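Structural features, examined
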Amino acid sequence: MKTLIAFIAIIANLLPIFGHAGEAQAADSKMDNARLETLMKSMKLDIQGDAGQWRFELEGFFAMVITDENADRMRIIVQIPDTEALDAALLLRLMQANFDSALDARYAIANGSLWSTFIHPLSPLEDTEFASGLAQAITLAATFGGSYSSGALLYQGGDSSGQIEELYRQILERSQNPDLIL
């Protein structure tokens, strides 16, 4: 528990310094496709695709960032490969994780595949929120079958006994220092 509390304190102190290209995001600037693409490039993500439909690989996971500027929505989706049959016990476990250890990322099912997702309104999205959402979505995918944790924190009172993952912190560090090799 002390490790968890220390980790939460570290992340709470670090998040305000993460910003686009190491600078604080301007309070009056709104996120749009152009700025989001610039942010992902500053993180040295090898993005493919067109504005509003980017895909890339990170930490061995296939990820997509999908936006709709007219609807003011953004989502990060990370495919979780090699999932066996999604039986009742596994679905129950995923719902438990969505309650207490997934934080802002969530498990979802679409077209017979399991995904880790982070969904947020586009225009108020801050650079730090994007970096955190990406880190949570990747970490949630990486911990499938283990702690089922987004890595950010674990709410008490749920059924998960998760552990904090270093991967979450590494992805956040990458948003501040794109030259960092993970």
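The paragraphs below set out a description of the structure included in this document. All figures in this text were calculated on a predicted structure; none of them were measured in a lab.

What counts, and at which threshold
Residues numbered from 1 in each chain as written. Predicted model: local features only at pLDDT ≥ 70, side-chain atom pairs only at ≥ 80, totals over all residues. Heavy atoms only, no water. Pairing = 2+ DSSP bridges. Helix = DSSP H or I, 4+ residues; strand = E, 2+ residues; numbered from the N terminus. Contact = heavy atoms within 4.5 Å. Buried < 20%, exposed > 50% of the residue type's maximum accessible area, 1.4 Å probe, protein only. Salt bridge = Lys/Arg side-chain N within 4 Å of Asp/Glu carboxyl O. Axes fitted to C-alpha atoms, helices over the stretch in contact; angles between N-to-C directions. Phe/Tyr/Trp six-rings, centres within 6.5 Å; stacked < 30°, edge-to-face > 60°.

So, the pairing of strand 6 (residues 113-121)
Here strand 4 (residues 73-80) runs beside strand 6; their pairing, made up of eight bridges, is antiparallel. Across the sheet, the residue bridging to Val 78 is Ser 116, located in strand 6. Two elements, strand 5 (residues 105-110) and strand 6, share six bridges in a ladder whose sense is antiparallel. The residue bridging Ala 110 from the neighbouring strand is Ser 113, located in strand 6.

Brief notes about the environment of Phe 144
Its location among the elements puts Phe 144 in the loop between helix 4 (127-142) and helix 5 (166-176). In this structure the C-alpha to C-alpha distance between Phe 144 and Pro 81, which are 63 residues apart in sequence, comes to 9.8 Å. Apart from the residues lying within four places of it in its own chain, the contact partners of Phe 144 are Ile 80, Thr 83, Leu 90, Leu 94, Tyr 107 and Leu 114.

A short note on the pairing of strand 2 (residues 53-58)
Of the two faces of strand 2, only one is covered, namely that formed by Trp 54, Phe 56 and Leu 58; the face formed by Gln 53, Arg 55 and Glu 57 stays uncovered. Here strand 1 (residues 48-50) pairs with strand 2 via three bridges, running antiparallel. Residue Gly 49 lies in a different strand from strand 2, and its bridge partner there is Trp 54. Linking strand 1 to strand 2, which pair antiparallel, is a turn of two residues; within it Gly 52 sits at a positive phi near 90°. Of the pairings in the sheet, the one linking strand 2 to strand 3 (residues 61-68) comprises six bridges and is antiparallel in character. Looking at the pairing, Phe 56 lines up with Ala 63 of strand 3.

Some details on the pattern of salt bridges
Counted by the stated rule, this structure contains two salt bridges. Its salt-bridge partner being Arg 35, residue Asp 127 comes within 2.7 Å of it at the nearest N-O pair. Of the two residues, Asp 127 is situated in helix 4 and Arg 35 in helix 2 (residues 33-42); the sequence distance between them amounts to 92 residues. Here Asp 127 matches Arg 35 in class, with each residue buried. Among the salt bridges present, the one from Glu 37 reaches Lys 41, with a minimum N-O distance of 3.0 Å. With a gap of four residues between them, Glu 37 and Lys 41 both fall in helix 2, about one helical turn apart.

Quick look at the sheet that holds strand 4
Strand-to-strand pairing in sheets goes through backbone hydrogen bonds, with the strands running parallel or antiparallel. Read from one edge of the open sheet, six strands run 1-2-3-4-6-5, paired in antiparallel fashion. Of all strands in the sheet, those bounded by a partner on one side alone are strand 1 and strand 5. Sheet twist, expressed as the mean angle between neighbouring strand axes with direction ignored, is 25°. Those strands touched by helix 3 (residues 88-100) are strand 5 and strand 6, and its axis lies near 150° from that of strand 5. Here helix 4 sits on the sheet in contact with strand 2, strand 3, strand 4, strand 5 and strand 6, set at roughly 25° to strand 4.

Let's talk about the environment of Leu 94
Here Leu 94 lies in helix 3. The buried category is assigned to Leu 94, whose relative accessible area is 2%. If sequence neighbours within four positions are ignored, Leu 94 has contacts with Tyr 107, Leu 114, Phe 144 and Tyr 148.

A look at the packing of aromatic side chains
Scanning the entire structure with this criterion turns up three aromatic pairs. Pairing Tyr 107 with Phe 144 gives two aromatic rings, centres 6.3 Å apart and planes at 65°, and the pair type is edge-to-face. Here Phe 144 lies in the loop between helix 4 and helix 5 and Tyr 107 lies in strand 5, a separation of 37 residues in the sequence. The exposure class assigned to Phe 144 is partly exposed, which follows from its relative accessible area of 21%. Connected via pairs of aromatic rings, a cluster forms that spans Tyr 107, Phe 144 and Tyr 148.

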